[in-house]
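Inside the fold
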Amino acid sequence: MASSWNFRAKVPFLLLLVIQQLGIVLPAFSTNVHIVYMGERRHDEPELVTDSHHGILSDILGSREAAVESMLYSYKHGFSGFAAVLKPHQATLIADLPGVVHVVPNRILSLQTTRSWDFLQVKPQVVNGILEKGQSGGGSIIGILDTGWYGNVVDVCWFQLFGSIMVLDSCCTGIWPESESFRDVGMGKVPSHWKGICQGGEEFSSSNCNRKIIGARWYVKGYEAEFGKINTSDAVEYLSPRDASGHGTHTASTAAGAVVDNVSFMGLAKGTARGGAPSAWLSIYKVCWSTGGCSSADLLAAFDDAIFDGVDVISASLGSSPPLASYVDDVLSIGSFHAMAKGISVVCSAGNSGPYPQTVINTAPWVITVAANTIDRAFPTAIMMGNNQTVVGQALYTGNNMNKFYPIVYGEDIAYADSDEDSARSCDAGSLNGTLVRGKVVLCFQSRSQKTAANAARTILEMQGVGVIYAQYPAKDVTLAHGIPLVQVDFIVGTYLLNYMEATRNPVVKFSLTKTVVGRQVSPEVAFFSARGPSSLSPTVLKPDVAAPGVNILAAWTPIASAQSFDTTKNQLPLGFKFESGTSMSCPHISGIVALLKAIHPTWSPAAIKSALITTASLKDEYSLSAVAEGAPDKKADPFDYGGGHVDPNRAIAPGLIYDMKVPDYVQFLCSMGYNDTAISNIAKAPNKCRSKTKNLLLNLNLPSISIPEMKNRVTVSRIVTNVGPAISVYVARVEAPPGVNVIVEPSVLSFNFTSNKMKFKAINRNTCDKEF
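Description of the structure in this document. All of these numbers come straight from a predicted model, not from anything done at the bench.

Looking at the pairing of strand β42 (residues 758-765)
Here strand β38 (residues 716-723) runs beside β42; their pairing, made up of seven bridges, is antiparallel. Note that in β42 the partner of Val721 across the bridge is Met759. In this sheet, β42 lies alongside strand β40 (residues 743-746) in antiparallel orientation, the contact comprising four bridges. Paired with Ile744 across the strands is Ile764, a residue of β42.

Things to note about the packing of aromatic side chains
Summed over all chains, the structure comprises 20 aromatic pairs. Both rings, one in Tyr223 and one in Phe227, keep their centres 4.9 Å apart while their planes meet at 50°; by these two values the pair is tilted. With a gap of four residues between them, Tyr223 and Phe227 both fall in helix α5 (residues 221-227), about one helical turn apart. Ring plane angle 70° and centroid distance 5.1 Å describe the contact between Phe379 and Phe579, whose orientation is recorded as edge-to-face. Residue Phe379 is located in the loop between β22 (377-378) and β23 (380-385), and its partner Phe579 is located in strand β33 (residues 577-580); the two are separated by 200 residues in the primary sequence. Chaining the aromatic ring pairs together yields one cluster made of Tyr37, Tyr73, Tyr75, Phe79 and Tyr219.

Brief notes about the pattern of salt bridges
Counted under the stated rule, the structure contains 18 salt bridges. In this structure, Asp309 and Arg217 form a salt bridge, with 2.7 Å as the shortest nitrogen-oxygen distance. Within this pair, whereas Asp309 is found in helix α7 (residues 296-309), its partner Arg217 is found in strand β13 (residues 213-218), the two being separated by 92 residues in sequence. There is no split in this pair, since Asp309 and Arg217 are both buried. Ionic pairing is found between Glu412 and Arg425, a salt bridge with its closest N-O pair at 2.7 Å. A residue pair is termed long-range when its members are at least 10 positions apart, and Glu412 in the loop between β25 (406-410) and α9 (421-425) and Arg425 in helix α9 qualify at 13 residues. Overall, the relative accessible area of 24% leaves Arg425 in the partly exposed class.

Observations regarding the sheet that holds strand β3 (residues 33-37)
Strand order in the open sheet made by the four strands is β4-β5-β3-β6, with antiparallel pairing throughout. Only two strands of the sheet have a single partner each, and these edge strands are β4 (71-75) and β6 (102-105). Here the average twist between neighbouring strands, direction ignored, is 15°. Of the pairings in the sheet, the one linking β3 to β6 comprises four bridges and is antiparallel in character. Bridging across to β6, Val36 finds its partner in Val103. Packing against the sheet, helix α1 (residues 46-61) makes contact with β4 and β5 (81-85), and its axis sits at approximately 140° to β4. Packing of helix α3 (residues 88-95) onto the sheet brings it into contact with β3, β5 and β6, and relative to β6 it is tilted by some 155°.

Basis of the calculations
Residues numbered from 1 in each chain as written. Predicted model: local features only at pLDDT ≥ 70, side-chain atom pairs only at ≥ 80, totals over all residues. Heavy atoms only, no water. Pairing = 2+ DSSP bridges. Helix = DSSP H or I, 4+ residues; strand = E, 2+ residues; numbered from the N terminus. Phe/Tyr/Trp six-rings, centres within 6.5 Å; stacked < 30°, edge-to-face > 60°. Salt bridge = Lys/Arg side-chain N within 4 Å of Asp/Glu carboxyl O. Buried < 20%, exposed > 50% of the residue type's maximum accessible area, 1.4 Å probe, protein only. Axes fitted to C-alpha atoms, helices over the stretch in contact; angles between N-to-C directions. Contact = heavy atoms within 4.5 Å.

Have a look at this one:
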């Protein structure tokens, strides 16, 4: 029986007709550190590679001693290069030397569950508190999951590899090893191919690693070369892999945390917490610091070590905002290229600059770029007015039940003398009269200058207010405020409250405690903050690739990071689990799923795994309606919002067709981007002569999506698909083109048999002015 080959689901066909311009101004940054990238290493012995690096620096600096002092890192495992403290003229001299691909100035990169895995229908079978397992060659573990597939309830066996997952998190990274999420009960022996180490430091020793956390490293040389030594006595930070901020712990537990029962956030969202691949090992690479940012020199060193250590998946929840660096200048693109060449899947966050177009980051075609979506859990909090009317918002309020009415005031009505009305309306710091705030609930409205509820809550708390109602664009992301109830409502509810206040002499309100409700909130929806495409660097490459849960995700946390967290009685609350939102949270969801897919399909390339995720993703919500993207206003979601759609882990097991690629395919992509032959040859290790630098190669890169920036003329795009379903299979193309565009597929039927599992097809736009049609 023929299968439907749906262009909307299997091959997201994207026609880009209008690109809106978006200007983003970045602060100027002068660097002392330069990264000398030399492509694939030319020696098998890492020591010889480092010697060659010292030789290059010695020629420039005048002595080997000066070279050793200047060099911060020698990249010698996955690729060749080094980071060193150099003056601009020295960097220029090195750039002209044979074998040097590029000299890249150091950049500082920006910082970027109890329900989400149930929502994705990834359900591990647990026996007596331990994940059921068995041996399956090569040190793999068999995890049995009871799940749904293609709408039918069947039992699916997931052959879950004990694959190591590298976690490069968005904030201070590192890990809190004492968390229950990282216990190693039931874990098997560390695989024989593992070469990583457990690097010690402040409050962290080799004993903090176990059969769950099998590796840990930390990188600070590039950061300190720019900003000076980190003084850990002035701030909560550790010069070690230990996590001071909580983000690294949160993302690591989301990807591969152990099963932990009876988890909640101070009573909210009670349930069992676990990672997507709870039997996977973790290796932690701490590259970011609580004093702010991550050095690209440190990041590239982490990639180099991770490739050497033997990781299977790299999860990188970090990146730089637009303007995007070229693929041969961006260290994340460089590091991920070499990881991909070694068969390592690299998963990256899409960024949190949504809902504006062209803000997506980490756009290299060889990485999986993840957008954030919502899950079906909500936290309703009732607001009762003095007229016995009740409205509902969302909050994470777990303090004492106030059980009494408090006066409510409007920010604009209590503006401080000479302050701007807009600032007072949104409760900006310094805009309100403190005397009129004290003891009252304050109604604030989101504005261009004040976009976050947390800042408004901080302002009111400091002025001894008793609560905040924050009216904003409709969004499901709930902000946690410490020490004060913060209820988020939409503008309709906010305006209703304001009308009540204006019609009442002494308006009052009181809050109920927050409740946890599952299944009543329509999901998934693309999160308001999730960065959107098209890619500003290569618009023919659809980005983001796929969306995963990234809103109100409850996962493991660092107790020390909650030292500044207070409840309404001002008591400190050390937290073992905490809610976080962002594409930093959606990224490890995909990382965990990739670990599972690699276990089931160990021979699949990173491109094949990426293809399976994209072509099986869902374009519908849980009620089978077209998915929505939060924005201003909300709209029907499109590929610029979520790529192929919302991830469906169970369907990705058997995608039917995959769009595969190898290193040479990406090399030709780089050729079409205009990079020179020498640079590409060094990156790809082999001599390269670009066959062509035409734009057609950009369009014909064998991605599981088609993105055409211009449609003025007839365009023909080709793809090659590989059948990974039943050997005898027939696929029939079904096209759902954008309005005003006509597309035909040739051939429209693909028939596979035992001797042929690859076929080529073409997609041709039928321009309404084209007489041939």
